[in-house]
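# Breakdown of the fold
Spelled out from the first residue to the last, the chains are:
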Amino acid sequence: MLVLTGCGNGSGSDSKEQPFEGKSADRIAAEAVKATEQADSMHVQGNLRQANGAALDVDLSVDQRKNCEGTVKTAGTTADVRHVNATLYLRGNEAYWKKALKDQPQGDRIVPKVSDKWVKAPADDSMTQGLCDKQGLVASMDEDKSERKGLKKGATTTVDGKKAIRLTKKSAGGETLSLFVATEGKPYILRTTTSGGKSPNTATFSEYGKAVNPEKPAAGDTVDLKEVASGQGGA
């Protein structure tokens, strides 16, 4: 399971307006998670921390049907990602494929044949597994439901020009957890942040409901990783 931690910009300035009159912060948070789960699509800019501890910076649009398009970065490597018609395509730089194939037989031979090409990736690729599963991304963010218990309402603010209410909580480790929820329209999550600890982070969510229509890479720009590994394909 991926745990959403994050990257991105800070929020806007606060005001004294108080929306969601009569609702507790915990109830607002629960409604925000539900609305975000039900959204047909969204864009996320943040950092996904995998089960093995590796962190991925992502700039990704994804929908309920697992269509997705965007970019992932980790430890100096970069890859473009597209999920089209149930097929995942990656276009990684040389550093990405050196890292991805370092433990594979003949990895050094394969790297120059796949670098900067659109590569049909195996379903179990550890660096991108789960990236195009919108429901999985939201579930990972809400994996520890206790984190959204005991929240307090803050002042209203703006996130990328959209009005939001800030919900906050102090963790036992001294970190401040914040959830920014849209106050107009559906109560979507617009941003999550953690500050004051060893791993400050921010994740930003936008473009709810916007169609995600990635194009299938051209055949001439595409290679099949399994064929290249077996010696049947390549540039």
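Residues numbered from 1 in each chain as written. Predicted model: local features only at pLDDT ≥ 70, side-chain atom pairs only at ≥ 80, totals over all residues. Heavy atoms only, no water.

Of the regular secondary structure elements, the protein chain holds five helices and 13 strands. The buried share of the protein chain, reckoned over its 235 residues, is 44%. Long-range pairs, those at least 24 residues apart, make up 56% of the contacts in the protein chain with a sequence separation of at least 6. Accessible surface computed for the protein chain: about 12100 Å², of which carbon and sulfur atoms make up 45%. (Helix = DSSP H or I, 4+ residues; strand = E, 2+ residues; numbered from the N terminus. Buried < 20%, exposed > 50% of the residue type's maximum accessible area, 1.4 Å probe, protein only. Contact = heavy atoms within 4.5 Å. Areas by Shrake-Rupley, 256 points an atom, 1.4 Å probe, with all protein chains shown as cover.)

This part covers the nonpolar core. Soluble globular proteins: nonpolar side chains tend toward being buried together. One finds Trp97, Val114, Leu167, Val181, Ile189, Phe205 and Tyr208 to be the most contacted residues of the largest nonpolar core, which totals 51 residues. Examining the composition of this core, we find that six residues originate from one element, helix α1 (residues 25–38), more than from any other. In this structure, tyrosine 208 is in contact with Thr36, Ala39, Ser41, Met42, Tyr188, Ile189 and Leu190, ignoring residues within four places of it in sequence. (Core = buried A, V, L, I, M, F, W, Y, C linked by side-chain atoms within 4.5 Å.)

Another point: the packing of α1 against helix α4 (residues 134–141). Where α1 contacts α4, the two axes come as close as 9 Å, and the packing angle between them is 165 degrees. When the axis of α1 is compared with that of α4, the two are roughly antiparallel. For the element pair α1 and α4, the recorded crossing hand is right-handed. Contacts between α1 and α4 involve Val33, Thr36, Glu37 and Gln38 from the former and Lys134, Gln135 and Val138 from the latter. Its residues assigned to classes, the contact of α1 with α4 shows two nonpolar, three polar and two charged. (Axes fitted to C-alpha atoms, helices over the stretch in contact; angles between N-to-C directions. Parallel < 35°, antiparallel > 145°, perpendicular 65-115°, else oblique. Left-handed = near helix turned anticlockwise from the far one by under 90°. Nonpolar A, V, L, I, M, F, W, Y, C, P; charged D, E, K, R; others polar.)

For α1, spanning 14 residues, the distance from its first C-alpha to its last is 20 Å, which sits close to the expected 20 Å at 1.5 Å a residue. Where α1 is concerned, the buried positions are Ala25, Ile28, Ala29, Ala32, Val33, Ala35 and Thr36. Angularly, the buried residues of α1 cover 165 degrees about the axis, an arc narrow enough to put them on a single face. Seen from the open side of α1, the exposed residues pointing more than 90 degrees away from its buried face are Lys34 and Gln38. (Expected span 1.5 Å × (residues − 1). Arc of directions from axis to C-beta.)

Structurally, the position occupied by lysine 198 is in the loop between β11 (189–195) and β12 (201–206). Assessed through its relative accessible area of 86%, lysine 198 is described here as exposed.

This brings us to the confidence of the model for the protein chain. Per-residue confidence for the protein chain gives a mean pLDDT of 83, with 83% of residues at or over 70. Here strand β1 (residues 3–4) stands out as the least confident element of the protein chain, with mean pLDDT 42; strand β9 (residues 162–170) is the most confident, with 95. Low pLDDT, under 50, characterises residues 1–15; the predicted model gives this stretch 60 contacts beyond four residues in sequence or across chains. (pLDDT = per-residue confidence, 0-100.)

As for its placement among the helices and strands, threonine 77 is situated in strand β5 (residues 77–84). A distance of 2.7 Å separates a polar side-chain atom of threonine 77 from the backbone oxygen of threonine 74. (Polar contact = N/O pair within 3.5 Å; in protein donor to acceptor, adjacent residues only side chain to side chain.)

The next thing to look at is the pairing of strand β4 (residues 68–74). Strand residues, when the strand is regular, have side chains that alternate between the two faces of the sheet. Of the two faces of β4, only one is covered, namely that formed by Cys68, Gly70, Val72 and Thr74; the face formed by Glu69, Thr71 and Lys73 stays uncovered. Across seven bridges, the pairing between β4 and β5 is antiparallel. Note that in β5 the partner of valine 72 across the bridge is alanine 79. The hairpin turn running from β4 into β5, its antiparallel successor, is two residues long, and alanine 75 in that turn takes a positive phi close to 45 degrees. (Pairing = 2+ DSSP bridges.)

This next bit is on the state of the cysteines. Inspection of every chain in the model, using the stated rule, returns one disulfide. At a sulfur-sulfur separation of 1.8 Å, the disulfide partner of cysteine 68 is cysteine 132. Of this pair, cysteine 68 sits in strand β4 while cysteine 132 is found in the loop between β7 (118–120) and α4, placing the two residues 64 residues apart along the sequence. Using a relative accessible area of 0% as the deciding quantity, one classes cysteine 68 as buried. (Disulfide = S-S within 2.5 Å.)

Here asparagine 85, not a glycine, exhibits a phi torsion of approximately 50 degrees, which is positive. Residue position: asparagine 85 is located in the loop between β5 and β6 (87–92). A relative accessible area of 66% places asparagine 85 in the exposed class. A positive phi is found at aspartate 160, a non-glycine position, where the angle reads about 50 degrees. Along the polypeptide, aspartate 160 turns up in the loop between β8 (152–159) and β9.

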